[in-house]
Amino acid sequence: MMLHPEIETLDRDDMKALQARKLAALGERLAASPEWCQHFAKAGMHPRDLAAADGLVSMPTLEKSDLRARYPYPMLTVDVSRVSRFFSTSGTTGLPVLFGFTHRDLNQLLAVQVARQLHCIGIRPGDRVYQGFGYGLWLGGPSHDLGLEKLGATCFPIGPGRSELVVQWLRDLAWDAATLSPLFLAHLLRVARDQGIDPKKDWAIRRVIIGGQSVSRAFREQLESEMPEGFSAYNVYGTTESGGPNVGATCPHSHARDEMHLINEDTVLTEILDPVTLAPVGPGEVGEIVVTTLDKEASPVVRWRTRDLVRLSNRPFDCECGRHGMPTLGRIIGRSDDMLKVRGVLVFPSQVEDVIVGVAGTIKEAWQIYVDTVDGSPNSMVVAIECESAYDADREGLAAAVARGLSSRLGLRVPVECHPQGSLPRYEAKAQRVLLRDKS
């Protein structure tokens, strides 16, 4: 069952034809923007060149530096007075970048995109849903409010935090589903047990939508094992630049393969490109997600480099659900700017997480990678973990077990520090796992 079968059942050729028509219309809109004309001129092109058969692949990519150079309203294609709301990036690597949304962007585009994702995952009208993504300038919470309303579900918009109340309401209000970060779900499970609440028996929840942070399959399965029978944690993916959590969503079939659909290909065109050559990758290969927003009125992007790395499915157009025009890809495995090369070995944080989750006694949501750099280049790394209270007496043994797992997985000897429970940072949304230390 599909929410928008007229779109979701298109074959790949029909989807590409729809995208081509929208690219041409996008080029006409961007032609009225001096900033966009200047951006395309760097590659000797004009926005109307998007109408050509090879127009998109010839266009320059868009980088965060391009946006920050046009502070405070970069690439805004409508007057500020037409913007209903601004959202921003996290700003973890510099000044946050603002993105505008018109009334149509919010209520006719984003609401429909998120409703389609939620329906694909299995949320239905009348379901009671705890909305646990954040609010303020972050897009996660408001976008899911809009999507749940469009779908006809009942929303409890609490956001992250208030853990003691949330674990009780999960029991007393019998919520069917939730939207939240995987790290906050792990925290809620711990709080519930501390309060004498058994999630397996006391909660009715059957599915959660996890986003805002990529997690390993091992971590996801660990979370599922602690929840009620029949429970599943479904991945969604999107970015502020793409217009919200609107790029990827998991259907029941792709969930079993740890994959998700590019669920809004009719409005967010996604390329999976080699991060060095920018050539398209083939089935089974790893590439960077690059997005173009086809219908957004304010703050559109063309070939935005997300830096998120993903593996394209071996059979991207053959999912049993019938969404053959919306290819499948694996979970986010890391970022091209988070990828570490230590003593000649490539290391992704997700590989480290896989090992930590697989060792009994570790706190699954609490770990860090400390990278020592010399002249800005990685030279060595240390992994910091936490141990459960029961393992405090054997912290050295727990650290050794994780070190052995890392050596086997990475082919690299990595020192491991084991700290008491509660020592390392906790993150309600996106975790900063890699911390650089200059040893020059």
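Residues numbered from 1 in each chain as written. Predicted model: local features only at pLDDT ≥ 70, side-chain atom pairs only at ≥ 80, totals over all residues. Heavy atoms only, no water.

## A short note on the overall build of the protein
We apply this condition: Put simply, DSSP H or I for four residues or longer makes a helix, DSSP E for two residues or longer makes a strand, and each gets a number counted from the N terminus. With C-alpha atoms as the basis for the radius of gyration, the globule rule is written as 2.2 Å multiplied by the number of residues raised to the power 0.38. Under the scheme applied here, a residue whose accessible area is under 20% of the maximum for its type counts as buried, over 50% as exposed, and between as partly exposed, the area being computed with a 1.4 Å probe on protein chains only. Between two residues, a contact is recorded if the distance between any of their heavy atoms is within 4.5 Å. Surface exposure here means Shrake-Rupley accessible area, sampled with a 1.4 Å probe, where a residue is shielded only by the protein chains that are shown.
When you go through the protein residue by residue, the secondary structure sums to 14 helices and 19 strands. For 440 residues, the compact-globule formula gives about 22 Å, and the C-alpha radius of gyration of the protein, at 22 Å, lands near that figure. Once the C-alpha set of the protein is aligned to its principal axes, its extents read approximately 65 × 55 × 40 Å. Taking all 440 residues of the protein together, the buried fraction comes to 55%. The contacts of the protein with a sequence gap of at least 6 include a subset with a gap of at least 24, amounting to 68%. Carbon and sulfur atoms make up 50% of the accessible area of the protein, which totals about 18,100 Å².

## Let's talk about the pattern of salt bridges
For the record, the criterion: Any carboxyl oxygen of Asp or Glu within 4 Å of a side-chain nitrogen of Lys or Arg constitutes a salt bridge here.
Across all of its chains, the model carries 23 salt bridges by this definition. E224 is the salt-bridge partner of R220, the closest N and O atoms lying 3.6 Å from each other. In this pair, R220 and E224 both sit in helix 11 (residues 217-225), 4 residues apart, roughly one turn of the helix. Classification of R220 as buried rests on a relative accessible area of 4%. On the basis of relative accessibility, which here comes to 15%, the residue E224 falls in the buried class. Within the structure, one salt-bridge network assembled from shared partners comprises E63, E288, R305 and R307.

## A closer look at the side chain of S232
By secondary structure assignment, the location of S232 is in strand 7 (residues 232-239). Apart from residues lying up to four places away in sequence, S232 is in contact with R206, R207, V208, E224 and H255.

## Quick look at the packing of aromatic side chains
By convention here, two paired aromatic rings are described through the distance between centres and the angle between planes. Stated precisely, the cut-off is as follows: Here a Phe, Tyr or Trp ring, Trp counted by its six-membered ring, pairs with any other such ring whose centre lies within 6.5 Å, and the pair is stacked when the planes are under 30 degrees apart, edge-to-face when over 60, and tilted otherwise. Charges are assigned to positions over rings by a cutoff of 6 Å between ring centre and Lys NZ or Arg CZ, combined with an angular limit of 35 degrees from the ring normal.
All told, the structure shown has 7 aromatic pairs when counted by the stated rule. Summarising the aromatic geometry, the rings of W36 and F40 are spaced 5.5 Å apart at their centres and angled 35° between planes, so their arrangement reads as tilted. Here W36 and its partner F40 are both found in helix 3 (residues 34-41), 4 residues apart, which amounts to about one turn of the helix. Ring plane angle 90° and centroid distance 5.2 Å describe the contact between F87 and F101, whose orientation is recorded as edge-to-face. Of the two residues, F87 sits in strand 1 (residues 85-88) while F101 sits in strand 2 (residues 98-101), which places them 14 residues apart along the sequence. When sorted by exposure, F87 lands in the same class as F101, which is buried. Aromatic rings pair up to connect Y130, F156, W169 and W175 into one cluster. If you follow K296 out to its NZ or CZ, it ends over the ring of F101, 3.9 Å from the centre.

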